[in-house]
Amino acid sequence: MNKVIASADEAVADMPDGCTLMSGGFGLCGNPENLIEAIHRKNVKRLTIISNNCGTTDLGLGILLQNKQVKRMVSSYVGENKEFERQFLSGELEVELNPQGTLAERIRAGGCGIGGFFTPTGAGTQVSEGKETRMIDGRLHVLETPLKADFAIVRAWKADRWGNLVFRKTARNFSPMMCMAAKVTIVEAEHIVEPGELDGDLIHIPNIFVHRIIQAKNLKKWIERRTVRKQA
């Protein structure tokens, strides 16, 4: 029942070339940094990655892109990554863009066994090309299908050794639903406790959806820099 693995490299050792990977986080916040670096070291190729974005040019998931490990990205935001732009424009990278709420709901649908859903978001735009549409309450809706993955890598604030998880702040945007939508969920947790020690915390994901846990180490603290202009 103890799901704690000794290292990130061991946790991703069976990840094959050509697999589909979900990665939690939002921008550079809540990234499973240790697991991303382990995948980089393993040099898994031809990945299809489902994630809100692909990091920056040389941070987060961007290190996999820079190492030519990514074949296809399913995302909602692709800015701040010059290598992403270069690979897409040169035809090296396949990209499927989704409205952010649609991406989240497609992942949730994959984890809940929902066969699809209609949404007005994107109807009548390029997002709806080639998809079934339907008028509902006088408004055009587009059918969106669920997303599933072979592996999900996420970062949790707390985990007990059985795999019950607690997420914090931004990491709750995509990570909990990704745990449900993948065949194998690998978690790096900032704090690992004994079973029963999460009693005072709201458990966001039960252990049935978690397969491996590692201890998060040497996490980077990203600080957004803003230029403050003095008022005249």
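These numbers come from a predicted model, not from an experiment.

Caption draft 1: Expanded view of the pairing of strand β7 (residues 139–144). The pairing of strand β5 (residues 117–119) with β7 spans 3 bridges and is classified as antiparallel. The partner of F117 across the bridge, within β7, is E144. As paired elements, strand β6 (residues 133–136) and β7 share 4 bridges and run antiparallel to each other. Counted as the bridge partner of M135 is L140 from β7. The loop that links β6 with its antiparallel partner β7 comprises 2 residues; one of these, D137, has a positive phi angle of about 55°.

Caption draft 2: Representation of the pattern of salt bridges within the structure. With the rule as written, the count across this model stands at 15 salt bridges. In this structure, K68 and E92 form a salt bridge, with 3.8 Å as the shortest nitrogen-oxygen distance. Separated by 24 residues along the polypeptide, K68 in the loop between α3 (62–66) and β3 (70–75) and E92 in the loop between α4 (82–89) and β4 (94–97) bring together distant segments of the chain. The class for K68 is partly exposed, based on a relative accessible area of 45%. Relative accessible area serves as the criterion here: at 37%, E92 is assigned to the partly exposed category.

What counts, and where the lines are drawn
- Residues numbered from 1 in each chain as written.
- Predicted model: local features only at pLDDT ≥ 70, side-chain atom pairs only at ≥ 80, totals over all residues.
- Heavy atoms only, no water.
- Pairing = 2+ DSSP bridges.
- Helix = DSSP H or I, 4+ residues; strand = E, 2+ residues; numbered from the N terminus.
- Salt bridge = Lys/Arg side-chain N within 4 Å of Asp/Glu carboxyl O.
- Buried < 20%, exposed > 50% of the residue type's maximum accessible area, 1.4 Å probe, protein only.

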